[in-house]
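Below are the chains, spelled out letter by letter.
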There are 2 protein chains.
Amino acid sequence: VGADNDLYINQAIVFIEDAIQYRSINHRVDSKSLWLYRWYYSRTCQWILSLTITIILALAFIEKPSSLTVTSDVRYRLPAWNPPCGLTESIELLCFLVFVVDVSVKSYLVGWEEFWKNKWLMAYILTLIVSLTDWIVSLSFFCAENVRIRRILRPFFLLQNSSMMKKTLKSINSTLPEMASVVLLLAVHLSLFTMFAMLLFARTKDGQQDKEWVAYFRNLPDSLTSLLVLLTTANNPDVMIPAYSKNRAYSIFFILFTVLGNLFLMNLLTAIIYNQFRGYLLKSVQSSLFRRRLGIRAAFEVLSSLKETPANAQQSCVSVGALQQVLQKVEMDSRCKQAIMRSLKTCSCDQLSAAQFQKLFEELDRDAIKQHPPSPEYQSRFMQKMQLAFGHPYFGYLGNVVALANIVSICVVLVMDADKQPSERDDFFLGAINCFFILYYMLEMVLKILAMGLKKYLSYPSNRFDGLLTVILLVLEIATFAVYGFPHPGWRPEFMGLLSLWDMVRLVNMFIVFRFLRIIPNMKFMALVVTTLLDLVKNLRAFAGILVVVFYAFAITGIMLFEGAVDPMGNSSFINTTYNNGSLQCGTYEQLEYWPNNFDDFAENCDFMALFSHFEAEIIYWLIYLLSVNLICRWAKIYFVAWWLISSVIWVNLFVALLLENFIHKWDRRCHRESLSDIEYQRTVELMFRDVLEEPTEEELMEKLHQHPHLQLCR
Amino acid sequence: VGADNDLYINQAIVFIEDAIQYRSINHRVDSKSLWLYRWYYSRTCQWILSLTITIILALAFIEKPSSLTVTSDVRYRLPAWNPPCGLTESIELLCFLVFVVDVSVKSYLVGWEEFWKNKWLMAYILTLIVSLTDWIVSLSFFCAENVRIRRILRPFFLLQNSSMMKKTLKSINSTLPEMASVVLLLAVHLSLFTMFAMLLFARTKDGQQDKEWVAYFRNLPDSLTSLLVLLTTANNPDVMIPAYSKNRAYSIFFILFTVLGNLFLMNLLTAIIYNQFRGYLLKSVQSSLFRRRLGIRAAFEVLSSLKETPANAQQSCVSVGALQQVLQKVEMDSRCKQAIMRSLKTCSCDQLSAAQFQKLFEELDRDAIKQHPPSPEYQSRFMQKMQLAFGHPYFGYLGNVVALANIVSICVVLVMDADKQPSERDDFFLGAINCFFILYYMLEMVLKILAMGLKKYLSYPSNRFDGLLTVILLVLEIATFAVYGFPHPGWRPEFMGLLSLWDMVRLVNMFIVFRFLRIIPNMKFMALVVTTLLDLVKNLRAFAGILVVVFYAFAITGIMLFEGAVDPMGNSSFINTTYNNGSLQCGTYEQLEYWPNNFDDFAENCDFMALFSHFEAEIIYWLIYLLSVNLICRWAKIYFVAWWLISSVIWVNLFVALLLENFIHKWDRRCHRESLSDIEYQRTVELMFRDVLEEPTEEELMEKLHQHPHLQLCR
């Protein structure tokens, strides 16, 4: 009986922890499994798992071809250090071992029956098997082979570890049919207009007249590419200039194409995606709430089967003592724990019903009201007056004005110095004013700390930001004086140490510009926008994760396909061919000076795509043109079009949809929150929607509980 | 008493007409004014007014500098025909006279008290005065002066004539404060990053290292321009290449800038505008409904004061006879009139209460159920079978398949002929298959007409589209055969008549491609998308009007500012200066071959801006660069930035907001309409929202009626 009671207590602990973390409760519930479960979800274990995922993803930067060079320009780049064969591979093996342990524990915990239904676990095992096989092949070739499938599979480990990302992926998946319809419509639009264009800009007998044909509509692939690129608006005025120059009326064709394709169809995609994702956030928060209520309820049910409860009770109930025992062992936020304990003590009754039990744990859903520590109380009149003066908001506004003055002064100096030779430049003026302003900043910080006390000062995020930057500026300024002496007219010392004086001054100025951001919370609309953006970033984590996954796969594929395709010496087959062809497109690479953009290493590819993800139009245009000369081009074309579709069209639209959703919620709330705005809430996504969430009913909870694969409830 | 009764009848007629046209009823209601009012809103008068507005706007195309040249390329363009002084001016004077009459009638009809409150009328009069003054100045200079303010003011006449546009403008106006906040945020973002960039990419002592500084961040205006253009993503990879080539880490700066500016702030603008416009359509439809109900109610009130009503009636009511008398004189849709008359006859009572009266006119709000005329009934068995076969939808599907086959065949021929010289081309194959397909199309049309009867055939829009194109194709084909004979192998006749054979074939092919669009209604999702787009176009008329207004003003301003700025001979002061400076930007215009894009005439400017409105980024970039050399550049920069903000940022976002609104409504309705989809409705914007509209209450209506400035109700 005692063992049984212990088991129930342990089950209750785990269920409550599940509820806190919004985890599913469908796992094994015998004693040993519970221990394993708590161990697996302990901070250390989860931290090790995250670290392993980070390491295996980061391997791409140092693996051959490594990114450990300052520039990626093929003309200047020194040969990069490549790790010896076996180094990265052994790290990889260690990671794989961790994953094997992870997948076995996970599979054991969900139980066999659940395991067969869980496609993610199956895929996880499959990925591990393929990766390990590929690893063995790689080692048996002594790392000489180029095609490494396991590198493309790596982001899967990131994907399967986050339930949010899995959920998001499911949502995206359900939007695909409609997106496909619009993409199909785009394809029809594109192909009809291509045919039209080929008929309109056909080759004429008079060679002078068909510039448009020569440049953009020479054959079907060319025409298709021209119009596809026009859809991305990259070659916008260029593509129509020859035709427009011949007759004004040709512009009608291009206007029609861009208005239909770009204005209507592309925005229709936004509308469809927004429509699909309108309820997405709400739905996901709602299901989280259900998981929490379910966990609490499960804890209640197991506790109510404890032997100590009186047998004559009609309703099942839980004794306060048992709950206290459980609470002491549960790992949770100490503030919440104290609040629950407190309300347990004030509760007069000895037994808790299900409703009372749920009510106790509603503390978890509550906003944490942030309280600033009190200011110190001074005895002397002088100190009290000082405290009043420098604790006042006006002192903060004065600080903002001074920061603005500093920015303006830097701006003026920059404009004046813009056309001067570096040797003519006099650093005295800038040095002197910076010195003055930094002194003021230090004074402001010290006075504020005196007025508020260190603890209260640090409890405001804006003060922390301010203080940190002021300290950095002070250190830099002192270092400057230590190395170069005090500023005086004609202050132009020689280069010394790590950074020249000019570099130091520039660095200081950059920090000052950065420090100017402290004005943001003081402007109402800006504060709203910034908090919306911050909220958005929180909600976007899952999307960002998926983007990283897609990104990674694309970057690795890009390396495998195009490694070494750009060679400055012209001795690679690719460049040679283009030169030999002598076609118009030859040498575009050099003319454009896009040397640093090649596909030779991972960081390269990442930078490259990050920058061009949304607005990569132009570079795609050039690269398609460039690469379309060779056989490699077919792949490049498909690669870039796929990247454009995924990154620019789909991802950006998802982003817009989420932003709309978040912003509109926030905006609506702003109106009825106005009065309460003095209290700072530590807001989470869940809390934002609290007003509209529906509580799950008792029946739903019990039905779900009875479906639990491992838990046998008494009644 | 009889005169009074006549007046009441006339008032009722006008009020019902107001209700039908959703007009305000706040106008004078004495006999003479009513006659004037009906005359002013008669079709002829409104048509004359619209024509006048069209003419005065169209004048820009033929005025000096006129657009009556084929090409706008300054190198090839022949001197355009310019109208003699006094020609366009006299047309203008006629238009002004019409406007003067218009404004006086309008002012008289609203009455003096209302006139002083009506800002639009005041602005109208002011515009007319300024225009006439400018016109007199122009004539007194014998048309030699260049600055013509009245040309910029012209679009105002378009604006003031449409109540929808005025309403939309009001909505846009109310969104401005929030838009201004985001634009301010963008400005702060831009200026902080500019300072950062100037510090980061400062001039170094080593001349080789500062390519970035030389190219993009030479001084404050340069840096600001570079980053502003980066915000439009026009110079996206170029601007970072020199820095990136030096060190990979510099890309972080550019990525941060574009992600913050382009992804967050720009999309925030979309969110704000969408949020403001979410209820816009609904609200405007709601206010239209109110106007309709108010008009009907006003008609009821005046009719109930007729002397023939029994004095003992407790409630006010209207005799059926009086209403019939009114209805006969009201100008309205004949279908509605008949329906109302019919329900009046079936109504058993002799007197109508207010509710009954309103109910009668609800016919106006009803969807017109479109009924196709019946198919002819044939006597012979053979004809009946034929009717069954060719009236079946499968016959339509067969037609689609044939059209697809035709498209594919044209595509194949195009691909095969792509690289052939025009002289090698054999037109026989294409001629033969086109001949065959066009015969099939004719046959299809004839058979369908036989099966359905001409009336039923023409009642389907898809058939009208089909039939029209088939007839055009037939005419073209017959003309080809008449001029060039029947196709045979090696069919390559000499040029004859207006078009060569090759041109004829191309034209036929274009029509065939166009005819292929008939498949759209057969694909469910496409049909939905297309109807959404068509709805959108209806709702967008007001926006489009405002765009035309802004467009016109910008185009005229552009002509005034930059006329003659681009000169191929290099003998204008502008080009001279750039050559003399010998700066890097010189000659960019020639290198880019943007010759046709100058600002010398109106059509030019319109084409130009239409094409670049959304995606003008690149051209703006080049033109800013080009023009920034001279003094004129200051204006060009401001002009283009303003144009970019208005067209690309604000207008496109408005468009997206409306599209989202329309699409989401449509999508929601699709689900509960599925079952009724067989019935074709002639849907109007008002009907789309009928489910969510609120009926105005009796009190609201009566309160509004009592506020009427001219109508004195008995009770």
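It should be emphasised that the depicted structure is a prediction, and the values quoted were computed from it without experimental measurement. (Residues numbered from 1 in each chain as written. Chains lettered and ligands numbered in written order. Predicted model: local features only at pLDDT ≥ 70, side-chain atom pairs only at ≥ 80, totals over all residues. Heavy atoms only, no water.)

**Q** Describe the overall build of chain A, and please don't skip the residues or the numbers.
**A** On a plain count of helices and strands, chain A comes out with 31 helices and 2 strands. The buried share among the 715 residues of chain A stands at 51%. In chain A, the proportion of contacts linking residues at least 24 apart, taken out of those at least 6 apart, comes to 76%. In the form shown here, chain A has an accessible surface area of approximately 33800 Å², with 64% of it arising from carbon and sulfur atoms. (Helix = DSSP H or I, 4+ residues; strand = E, 2+ residues; numbered from the N terminus. Buried < 20%, exposed > 50% of the residue type's maximum accessible area, 1.4 Å probe, protein only. Contact = heavy atoms within 4.5 Å. Areas by Shrake-Rupley, 256 points an atom, 1.4 Å probe, with all protein chains shown as cover.)

**Q** Can you lay out the side chain of Gln358(B) for me, pointing to particular residues and giving the numbers?
**A** With respect to the helices and strands, Gln358(B) occurs in helix α17 (residues 354-360). In this structure Gln358(B) touches Arg293(B), Ile296(B), Arg297(B) and Leu701(B), once residues within four positions along its chain are discounted.

**Q** Can you lay out helix α31 (residues 698-706) of chain A for me, pointing to particular residues and giving the numbers?
**A** All names here are of chain A. For α31, the set of buried residues is Leu701, Met702 and Leu705. Summarising the axial view, the buried residues of α31 lie within an arc of 95 degrees, below the 170-degree limit, and thus occupy one face. Among the exposed residues of α31, those pointing more than 90 degrees away from its buried face are Glu699 and Glu703. The inward-facing, buried residues of α31 contact α14 (280-304) and α17 (354-360). (Arc of directions from axis to C-beta.)

**Q** How would you summarise a negative patch on the surface if you had to cite specific residues and measurements?
**A** Residue and element names in this part refer to chain A. A cluster of like negative charges, contributed by Glu694, Glu699, Glu700 and Glu703, occupies part of the molecular surface. Position of glutamate 703 relative to the elements: it lies in helix α31. Residue classification places glutamate 703 among the exposed positions, given a relative accessible area of 52%. (Patch = residues over 30% accessible without salt bridge, like charges linked within 9 Å, V, L, I, M, F, W, Y side chains within 5 Å. Salt bridge = Lys/Arg side-chain N within 4 Å of Asp/Glu carboxyl O. Lys, Arg positive; Asp, Glu negative; His and termini not counted. Charge placed at Lys NZ, Arg CZ, Asp CG, Glu CD.)

**Q** Mind laying out the pattern of salt bridges, listing which residues take part and the relevant values?
**A** What the rule picks out here adds up to 30 salt bridges over all chains. Here Asp18(A) ties to Arg23(A) by a salt bridge, and the two come within 3.1 Å at their closest N and O atoms. The pair formed by Asp18(A) and Arg23(A) is uniform in burial state, with each residue classed as buried. A salt bridge links Arg518(A) to Asp466(A), with the nearest nitrogen and oxygen atoms 2.6 Å apart. Separated by 52 residues along the polypeptide, Arg518(A) in the loop between α23 (501-515) and α24 (524-562) and Asp466(A) in helix α22 (residues 461-484) bring together distant segments of the chain. Given a relative accessible area of 6%, Asp466(A) falls into the buried group. In this structure, a network of salt bridges that share partners links the residues Glu89(B), Glu92(B), Asp134(B), Arg150(B) and Arg154(B).

**Q** Summarise the confidence of the model for chain A; cite the residues concerned and give the values.
**A** Residues and elements named next belong to chain A. Across chain A, pLDDT averages 75, with 75% of residues at or above 70. Considering only residues more than four positions removed or in separate chains, one finds that residues 566-599, a stretch of pLDDT under 50, has 79 contacts. Here residues 674-683 scores under 50 on pLDDT; set against residues more than four positions off or in separate chains, the count is 18 contacts. (pLDDT = per-residue confidence, 0-100.)

**Q** Hey, could you go over the packing of helix α9 (residues 163-200) of chain A against helix α23 (residues 501-515) of chain B for me, with residue numbers and the actual values?
**A** Describing two packed helices takes the angle between their axes plus the distance from one axis to the other. As a packed pair, α9(A) and α23(B) sit with axes 9 Å apart at the nearest point and diverge in direction by 170 degrees. Taken as axis vectors, α9(A) and α23(B) run roughly antiparallel relative to one another. Contacts between α9(A) and α23(B) involve Leu192(A), Met195(A), Phe196(A), Leu199(A) and Leu200(A) from the first element and Arg506(B), Asn509(B), Met510(B), Val513(B) and Phe514(B) from the second. Taken together, the residues of the contact of α9(A) with α23(B) sort by class into 8 nonpolar, 1 polar and 1 charged. (Axes fitted to C-alpha atoms, helices over the stretch in contact; angles between N-to-C directions. Parallel < 35°, antiparallel > 145°, perpendicular 65-115°, else oblique. Nonpolar A, V, L, I, M, F, W, Y, C, P; charged D, E, K, R; others polar.)

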